[in-house]
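Spelled out from the first residue to the last, the chains are:
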Amino acid sequence: MITKEATKAAPAPAPAVPEPPRPAKRRRAWDEAPRWQIYLPLGVYLVFTLIPFYWILLFALRPAGSTSLVPWPMTTAHFEKVWTDRGFGTFFQNSVLVGVATLFMTTLVALAGGYALARFDFRVKRGFMLALLCSQFVPGALLLVPLFEIFAELRMINSLGSVIIAETVFQLPLSMILLSNFIKNVPYSLEEAAWVDGCNRFRAFRVVVLPLLRPGLIAVGSFAFVHSWNHFLFALMFLNNQEKQTVPVGLNTLMSADSVDLGALAAGGIIAAVPVVIVFAFIQKWLITGFSAGAVKG
Amino acid sequence: MAQAAAVAKPPAPPRRRRASATPRRLPYLLIAPAALLMLGFIAYPVLSVFYYSLQDYNPTKPWRNGFAGFGNFTRIFTDDPLFRDTLVFSAKWVFVEVGLQLLFGLALALIVNQTFVGRALGRALVFSPWAVSGVLTSAIWVLLYNSQTGITRYLADMGVGEYGVSWLSDTSTVFPAAIVADLWRGVPFFAILILADLQSVSKDLYEAAEVDGASRFKQFWHITLPHLKDAIILSTLLRAVWEFNNVDLLYTLTGGGPAGTTTTLPLYIANTSVDAHDFGYASALTTVAFVILLFCSMVYLRLSKFGGEK
């Protein structure tokens, strides 16, 4: 653990990683743990992380009844079955619709509210902030019954709109706090300068602030999408019609069958994971900055 | 949707130079859509839960509906062993999950914060289960744990354990099995948050400590950990609330079984309202759960001196 030992154990420190944004900037002694102290625990943890992924791929690709540990001979039969016979094609469409609609609604509404919180002092501000924080303690799962009654009243049971609204509402508080923190980090003087140049408030916001909010918007938007894509309780409760179900509900149906078709379940799981993997690959580099700028810092 | 459209309306009055003088109604206009949505779909349902908690309300037994006073609450505390059992299990679940997630998450964050060959790839792989849903996590671990072609079969091939073992249907193994499944996707959450906060530690501090000859462990203990304190308190609290409330994983993985041994309080409540249609009693349970959660959070924030001395 001590630095001197550290340098002894690793006489030739590995060259700094050529990471694109800031190359070889930090090569401090404190930074240089012995290599095995990095690779050994990381390797062990990676095995734990990756085996489950491999397992689902294996089950999705190998023929039913096979016990081979490599997916060979490979088959797409499970995917075809799940996509057409088990309705995952329809579920997938519904899930995309819900995810995209939630993304846009959450981002728009949270952006407006976040701007107000960041830039204005108004009478109910403290109370509103408190309400946002308190809402974090309200478990959506426990409001299922009253929510069901509200949507029944609005004649929205069995319509994707109910799920979109419910997902948006529960995404809002955190998204708004996040975005207001991002907006606070943009100096007000930039906007004021734009006003002097003759922009009205909306135009100044659109031209000056919005481009600087990209990391924040990407973080909030992708969280909203991924959350609504993944969440299944609202869809399970509010959508009774098979045609209207979403992917997670479909997965749950596969799992709760009397004898689980493991191949179909695995293929369905992969279908459920694909959009999330795409979003995740896309936001990787924004994720850390997004969090550090918005979430944890005040 | 109509509410969202209101946002796009350029709110500033035409006289522009004075635009910096805040139009008084603008902030209210801006928070209106969010406020309305939250009033209608969070505040109102919460209030109706409080209201129903004082009622006997069961749509399948309308003849018994009516005002119940504190009857539901008396029943919870005096006549419901399931409430106690599920609450204890919830506490156990949250405590073990959050503790282990923090421990592994912190270790992982410290590791991938180092400079080493393959760091970008390592980070991406380590964080990847973060975005996997509860239902998908269940699906994956159902495949791993299944008694015929699951991991136990291949372990048995190697001479470890027996064939046909199903960890999820044995009361003695179901708890660790479920804990591991949830850890798999929970650890990256902490690792990401802590890594984000690690980026903001001033490098000068480490350099100064280096000059003073502080060991790496001492640097961690006296510089890194104090810096992370607030982030750790906040993320453990948020995670604890989330782990308490979330039902996705256990609902689909074990369904609360075998023999009710993995039923959390929210799962019990969901069963009471959805299966038994006993809305009044479920509402009272919800109220109690909510109060317990709020109380524990307050105590935790107070004890941990959140936002205290730097």
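Cut-offs and rules
- Residues numbered from 1 in each chain as written.
- Chains lettered and ligands numbered in written order.
- Predicted model: local features only at pLDDT ≥ 70, side-chain atom pairs only at ≥ 80, totals over all residues.
- UniProt positions renumbered as here; feature names shortened; annotations may be inferred.
- Helix = DSSP H or I, 4+ residues; strand = E, 2+ residues; numbered from the N terminus.
- Contact = placed C-beta atoms within 7 Å.
- Nonpolar A, V, L, I, M, F, W, Y, C, P; charged D, E, K, R; others polar.
- Core = buried A, V, L, I, M, F, W, Y, C linked by C-beta atoms within 7 Å.
- Buried ≥ 20, exposed ≤ 12 C-beta atoms within 10 Å, placed from the backbone.
- Domains from an automatic or database assignment.

If you check an unreviewed UniProt entry, chain B appears there as Multiple sugar transport system permease protein from Streptomyces thermodiastaticus. The UniProt entry for chain B carries the following text under Subcellular location (unreviewed entry): "Cell membrane".

Chain A is annotated in an unreviewed UniProt entry as Carbohydrate ABC transporter permease from Streptomyces thermocarboxydus. According to UniProt, the comment filed for chain A under the heading Subcellular location (unreviewed entry) is "Cell membrane". Among the UniProt annotations of chain A, the heading Sequence similarities (unreviewed entry) holds the following wording: "Belongs to the binding-protein-dependent transport system permease family."

### Side note on the UniProt feature "domain: ABC transmembrane type-1" (unreviewed entry) in chain B
Those places that UniProt annotates as "domain: ABC transmembrane type-1" (unreviewed entry) correspond, in this numbering, to residues 87-300 of chain B. Taken end to end, residues 87-300 of chain B comprises 73% helix and 0% strand; its first and last C-alpha atoms sit 18 Å apart.

### Description of the interface of chain A and chain B
Between chain A and chain B, the contact holds 88 residues from the first and 87 residues from the second. Ranked by residue count, the leading element in the side of chain A that touches chain B is helix α13 (residues 262-295) of chain A, at 13 residues. When grouped by side-chain class, the residues that make up the side of chain A that touches chain B number 66 nonpolar, 14 polar and eight charged.

### Let's talk about the UniProt feature "domain: ABC transmembrane type-1" (unreviewed entry) in chain A
In the numbering used here, UniProt assigns the feature "domain: ABC transmembrane type-1" (unreviewed entry) to residues 92-283 of chain A. Across residues 92-283 of chain A, helical content stands at 78% and strand content at 0%; the span's end C-alpha atoms are separated by 22 Å.

### Describing the UniProt feature "transmembrane region" (unreviewed entry) in chain B
All names here are of chain B. Per the UniProt record, "transmembrane region" (unreviewed entry) is annotated on residues 26-54, 93-112, 124-144, 174-196, 249-269 and 281-301. Spanning residues 174-196, this segment combines 100% helix with 0% strand, and its end C-alpha atoms are found 34 Å apart. Counting secondary structure, residues 281-301 comes out at 100% helix and 0% strand; the distance between its end C-alpha atoms is 30 Å.

### A short note on the nonpolar core
If you look at the biggest cluster of nonpolar residues, it comprises 155 residues, and the most contacted ones within it are L144, L265 and A266 of chain A together with A139, L143, A191 and I194 of chain B. Counting residues per element, this core draws most heavily on helix α7 (residues 160-184) of chain A, at 14 residues. Split by domain, this core shows at least three residues from each of two domains, domain 1 (3-80) and domain 2 (86-295) of chain A. Those residues in contact with A191 of chain B that lie beyond four places of it in its chain are G105, L108, A109, V126 and F127 of chain B.

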